[in-house]
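Each chain, written out:
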Amino acid sequence: MTVTHPQGFEAAGIAAGIKRSGALDLALVVNRGPAQEAAVVFTSNRAQANPIIWSKQVAADGIVSAIVLNSGGANCFTGPEGFQVTHRTAEAVASGLGIAAGDVLVCSTGLIGDQLDGEVLEEGVVSAIARLSTDGGDDAARAIMTTDTKPKQVVVEGGGWSIGGIAKGAGMLAPGLATMLVVVTTDAALPAGDLDTALRTATRLTFDRLDSDGCMSTNDQVTLLASGASAVTPDLGEFTEALTEACRNLALQLQADAEGASHDIAIEVVGAVTEDDAVEVGRSVARNNLFKAAIFGNDPNWGRVLAAIGTTSAPFDPYLVDVSMNGVRVCHAGRPDAPRDEVDLTPRATHVLIELHAGEASATIFTNDLTHDYVHENSAYAS
């Protein structure tokens, strides 16, 4: 159930001493080939961490041999010294594996503004290389956790090939991507261009639809590595479907572990003119704190849904909209329908259906409620 399930990959997760807690905090995933094809999608936040700046250069040619990730510090807004730490980390991986530093991706996650210790990272890389194995995926998944309460991992089987993945993320979950570090591996034999096409399709339909708290990270990165070790070249559509399944699984694991959440909310918008309109409408509700607070209190306040979607530019008539919550239509054509007390919002899983009656397009946005625990956790963040 992890990144080392596909053939051609080894991984490790170790405690390098970055985290004060002594927990695992450095992960390494290595592609042993025979191919080292890759595709990467990065945060759209203009405020980007040093590892993002480095990794964009590495990913440009579609060749990646290894990826090293640390938790316990974002290495963002840490000046030239911070970029040198990223460079030193890549050089340490390259030296230990006998590869080029320009083929090593670097990822960091944690508190913005704290300088990482380059020597600690270099020593950690040496230790991680010594522990590389085909069984190291679980440790790698645990080493990238910050406020996560559990590791996120997935495996999807194809026809003679497979996909594996690990992810972290529990807060700052918002599109472009959602805040996350994700490493996905496959032993399918596909070129970088096809991997890029598949990854962008998969992230658009999964990670970009996760909007837990509306806050976009500086360090988001989703990486897809292909070893070609299966010697099977699947149909690109088939591969994209499997990759989307893997990414959706990881995205929903991120949602289920969102900081302080007591409800996992799926906001399904149907009857929109375009898919982009459906996404905009769903996102307006997902980012509405009044709606999120109501769900936390088990209150099916559909008026807050209509007030939120009325702020969008999507074409629809608000007085034709239907709203259902957990299977009960509480609003029909902009008027009250079933009594609110018929809606049971006590389960963690919450489904909101918004019917716009304006077209044929649809989309689902995934979010969480706004809770006391979320506020408490983000008032005293510690790595």
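Residues numbered from 1 in each chain as written. Predicted model: local features only at pLDDT ≥ 70, side-chain atom pairs only at ≥ 80, totals over all residues. Heavy atoms only, no water.

Caption draft 1: Spatial organisation of unusual backbone geometry. Backbone torsion omega between G33 and P34 reads 25°, so that peptide bond is classified as cis. Along the chain, the position of P34 falls in the loop between β2 (26–31) and β3 (37–42). Despite not being glycine, N75 shows a phi value in the positive range, around 50°. Structurally, the position occupied by N75 is in the loop between β4 (66–71) and α2 (79–97). N75 sits in the buried class, given a relative accessible area of 1%. With a phi close to 60°, A231 is a non-glycine residue in the positive phi region. Its location among the elements puts A231 in the loop between β9 (221–226) and α6 (236–256). When its relative accessible area of 66% is taken as the criterion, A231 is described as exposed. (Helix = DSSP H or I, 4+ residues; strand = E, 2+ residues; numbered from the N terminus. Buried < 20%, exposed > 50% of the residue type's maximum accessible area, 1.4 Å probe, protein only.)

Caption draft 2: Molecular detail of the domain arrangement of the protein chain. By the assigned domains, the protein chain splits into domain 1 (9–256) and domain 2 (264–380). Inter-centroid distance (C-alpha atoms) of domain 1 to domain 2 is 32 Å. In this complex, domain 1 contributes 15 residues to the contact, which on the side of domain 2 involves 17 residues. Roughly 1300 Å² is buried in total at the junction of domain 1 and domain 2, and carbon and sulfur atoms are behind 40% of that figure. Among the residues of domain 1 in contact with domain 2, R209, D211 and Q255 are the three that bury the most area, contributing 49% of the side total. Between the two partners, domain 1 and domain 2, sit 4 salt bridges. One salt bridge in this structure joins D211 and R287, with 2.7 Å as the shortest N-O distance. Where domain 1 touches domain 2, the interface holds 12 residue pairs in polar contact (both at pLDDT 80 or more). Residue assignment for the side of domain 1 that touches domain 2 shows that the elements contributing at least two residues are α5 (192–205) and α6. With 3 residues, the single largest contributor to the side of domain 1 that touches domain 2 is α6. Tallied by class, residues from the side of domain 1 that touches domain 2 come to 6 nonpolar, 4 polar and 5 charged. (Domains from an automatic or database assignment. Contact = heavy atoms within 4.5 Å. Buried area = accessible area lost by both parts, 1.4 Å probe. Salt bridge = Lys/Arg side-chain N within 4 Å of Asp/Glu carboxyl O. Polar contact = N/O pair within 3.5 Å; in protein donor to acceptor, adjacent residues only side chain to side chain. Nonpolar A, V, L, I, M, F, W, Y, C, P; charged D, E, K, R; others polar.)

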